[in-house]
Structure formats: C-alpha cells, structure tokens
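In case you want the letters, here they are:
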Amino acid sequence: MFVVLAVLIMLSSLATVMTKSIVRAATYLLFVLLGTAGMYFLMGYTFLGSVQVMVYAGGIIVLYVFSILLTEGAKDETFKRKAKDASWGFLLSLVGFLAFTGVVLTHQFKSYVLEAPSETASAVTSINSIGTNMLSTGEGGYLLPFEAVSVLLLACIVGALLIARKR
Amino acid sequence: MIQIEYLLIVSAVMMFAGVFGFLTRRSTLAILLSVELMLNATDLNFAVFNRMLYPDGYEGYFFALFSIAISAAESAIAIAIMINIYRMIKNIQVDELEKMKW
C-alpha cells in the first residue's frame, strides 16, 4: 500500500510540473494531495487525512480550477519556458534533492517502522483528545493559534472580496 | 512494514518538483500550484517527524493542521489577486506583469 501511494505521489508531482496544460497540472496536483491524505491515513492520523481531503482536495483544487477557467482557460501556451531557464532550474532542484536525500539516508534516525493503520496504537490522536487539546489553554493547549486562525480566515474573506470585486 | 524514512524521500521528491516548477513556470497560477506542492511536502514532513520522534505527542500534528488552514487562506487571496490582474491586463504571465500599481 505504501509503495502504491509513494509511486502515485512521486509520479504525479513530477507530472504536475512537467505537463503542458495547466488544467492537467491542477488534476495531477489533486492526485498528489489525495496520495498525501492516504499517507496520513497510513500513519494513523485519520483526522489529519480527512482534513487534507476536505480542505485541499475539495476546496483548494476546485478554487484553482475555477480561477484557471476564469483567467486564461485551458490555453496550452502557458508552458513556454526558455531552455536555459529550465536547465538551470532542473540543475538547482536536482542538487537540492540529492543533498537532502543524502542527508536523510546517512543520518541515523531513531528506527521507527510504520505499521498498518494504527489508530488504536496512539490514543493521543483520537478525535476526543484533538478536540480537547485544540480548545484548551493549559499545557499543550492550542486555543490561541485556533483563534488566530479564525481571525486570519475572516480577514482573508474580507480581503478576497475587496480585491476581487468589480469596480 | 516500511521504514518511515522513505516517507521523507517521497516528500523530498514533492518538494523539489515544486521548486523546479516555481523556478521555471511562466504563468502565475502554475507557480501557485508549485507552491501548494511545496507546502504539502512540508505538511507531510511535520506529520512524519511527529510520528517518528514523538509518537505520543501531537505538536507536528497540530502544526500540519494549522498549516493546511493557512495555505487555504493564502491561495484564496492569491487567486483573488490573479483574477484582479487578469481583469486589468488580460494576462497573468509573469513576464507581462511589469507595473504593480492599481
């Protein structure tokens, strides 16, 4: 299961940046996000996976597809890149990837083997304790960031309406 | 049975695919798609490190959760800006955006 998800994520994320049509890029990004949600489920983080599916796959991708169709549509000429820029970008990202992978593979991490979906293995990430922690003010409580995010979302609604309105 | 480090390799592929797209795309919406790819890779890393280092904790878990919310807000604002720009100059390619005024 892990191998299937990993291959799906890697191929789709490469296809997202390689494909010529921008609508197809958004579709491949959808597959990447769904594969990431599958990874969260595999790690036993059920709530995080469902948030990923709802917010990213259900919300953001739909928003992107709408905005692509509202602006330049499915015109294929969005991918004209100069060969020099492309090779420099490719070189930079390849060097970064190789450096990162080398560090990860040589570093001795605390060995942790990912088992099959293990929701019961960690009682901490049950829905009950997530809710309690998110709204508590004590040790390890997340009430302040929760409220800050709610103010941020309100500001975001007002700002988006203000920016995109017709004049 | 999978060593959890392999998840870091997957997220590195995602991250650097995003970097490549960010550096080479010409359309601003495609650049935003690449940014989403990078943000998603960081979210996956937060969850992986939380799972690997503190299986009973939830710091990385909440960080990923709030990061998802913030990236939703970010893309909404950015898309509003793109639509506004498209209304004014009928184009959202980066090399056509020369004046940043209203």
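Residues numbered from 1 in each chain as written. Chains lettered and ligands numbered in written order. Predicted model: local features only at pLDDT ≥ 70, side-chain atom pairs only at ≥ 80, totals over all residues.

1. Quick notes on the overall build of chain A
Okay, step 1: Helices and strands together make up the secondary structure of chain A, namely six helices and one strand.
Okay, step 2: Reading chain A from its N terminus to its C terminus gives the helix and strand order α-α-α-α-β-α-α.
Okay, step 3: Here chain A holds 167 residues, and the buried ones make up 25% of them. (Helix = DSSP H or I, 4+ residues; strand = E, 2+ residues; numbered from the N terminus. Buried ≥ 20, exposed ≤ 12 C-beta atoms within 10 Å, placed from the backbone.)

2. Looking at the overall build of chain B
Okay, step 1: What chain B contains, in helices and strands, is three helices and one strand.
Okay, step 2: Mapped in sequence order, the helices and strands of chain B form the string β-α-α-α.
Okay, step 3: Principal-axis analysis of the C-alpha atoms gives chain B an extent of 55 × 25 × 15 Å.
Okay, step 4: Among the 102 residues that make up chain B, the fraction classed as buried is 49%.
Okay, step 5: If you take every contact in chain B between residues at least 6 apart in sequence, the share linking residues at least 24 apart comes to 48%. (Contact = placed C-beta atoms within 7 Å.)

3. Thoughts on the interface of chain B and chain A
Okay, step 1: In this complex, chain B contributes 59 residues to the contact, which on the side of chain A involves 67 residues.
Okay, step 2: At 20 residues, the largest contribution of residues to the side of chain B that touches chain A is made by helix H3 (residues 59-89) of chain B.
Okay, step 3: Of the residues belonging to the side of chain B that touches chain A, the class tally is 45 nonpolar, nine polar and five charged. (Nonpolar A, V, L, I, M, F, W, Y, C, P; charged D, E, K, R; others polar.)

4. Focus on the domain arrangement of chain A
Okay, step 1: For chain A, the assigned domains are domain 1 (1-74) and domain 2 (122-167).
Okay, step 2: The centre of domain 1 of chain A, based on its C-alpha atoms, is set 23 Å off from the matching centre of domain 2 of chain A. (Domains from an automatic or database assignment.)

5. Let's talk about the packing of helix H1 (residues 5-24) of chain B against helix H2 (residues 28-53) of chain B
Residues and elements named next belong to chain B.
Okay, step 1: Following both chains from N to C, one finds H1 and H2 inclined at 160 degrees, their axes separated by 8 Å at the closest point. In terms of orientation, H1 and H2 fall into the roughly antiparallel class. Classified by chirality, the crossing of H2 by H1 is left-handed. Contacts between H1 and H2 involve Leu7, Leu8, Ser11, Met14, Met15, Ala17, Gly18, Val19, Gly21 and Phe22 from the first element and Ala30, Ile31, Leu33, Ser34, Val35, Leu37, Met38, Asn40, Ala41, Leu44, Asn45 and Val48 from the second.
Okay, step 2: For the contact of H1 with H2, the per-class residue count stands at 16 nonpolar, six polar and no charged. (Axes fitted to C-alpha atoms, helices over the stretch in contact; angles between N-to-C directions. Parallel < 35°, antiparallel > 145°, perpendicular 65-115°, else oblique. Left-handed = near helix turned anticlockwise from the far one by under 90°.)

6. Considering the confidence of the model for chain B
Okay, step 1: Taken as a whole, chain B shows an average pLDDT of 85; of its residues, 95% reach a score of 70 or greater.
Okay, step 2: Predicted complex metrics record ipTM = 0.89 and pTM = 0.87. (pLDDT = per-residue confidence, 0-100.)

7. As for the environment of A:Thr71
Okay, step 1: Relative to the assigned elements, A:Thr71 resides in the loop between helix H3 (46-70) and helix H4 (83-106).
Okay, step 2: Take A:Thr71: there are 21 C-beta atoms within 10 Å of it, and that puts it in the buried class.
Okay, step 3: Along the sequence, A:Thr71 and A:Val53 sit 18 residues apart, while their C-alpha atoms lie 26 Å from each other.
Okay, step 4: Look past the residues within four positions of A:Thr71 in its chain and what remains in contact with it is B:Leu29, B:Met82, B:Ile83, B:Tyr86 and B:Ile92.

8. Here's the deal with the environment of B:Ala72
Okay, step 1: With respect to the secondary-structure elements, B:Ala72 resides in helix H3.
Okay, step 2: Placed 17 residues apart in sequence, B:Ala72 and B:Pro55 show a C-alpha to C-alpha distance of 27 Å.
Okay, step 3: Not counting chain neighbours up to four residues away, the residues in contact with B:Ala72 comprise A:Val55, A:Gly59 and A:Ile60.

9. As for the nonpolar core
Okay, step 1: Core analysis: the largest hydrophobic core is formed by 56 residues, its most contacted members being A:Ala26, A:Leu29, B:Met14, B:Leu29, B:Leu33, B:Ala47 and B:Tyr61.
Okay, step 2: Elements that contribute at least two residues to this core include exactly helix H1 (2-18), helix H2 (22-42) and H3 of chain A together with H1, H2 and H3 of chain B.
Okay, step 3: The element contributing the most residues to this core is H2(A), with 12 residues. (Core = buried A, V, L, I, M, F, W, Y, C linked by C-beta atoms within 7 Å.)

10. Structural notes on the environment of A:Phe47
Residues and elements named next belong to chain A.
Okay, step 1: Assignment of secondary structure puts phenylalanine 47 in helix H3.
Okay, step 2: Counting along the chain gives 80 residues from phenylalanine 47 to isoleucine 127, while the straight-line C-alpha distance between them is 7.1 Å.
Okay, step 3: For phenylalanine 47, the residues in contact, after removing those within four places along its chain, are Ile127 and Ile130.

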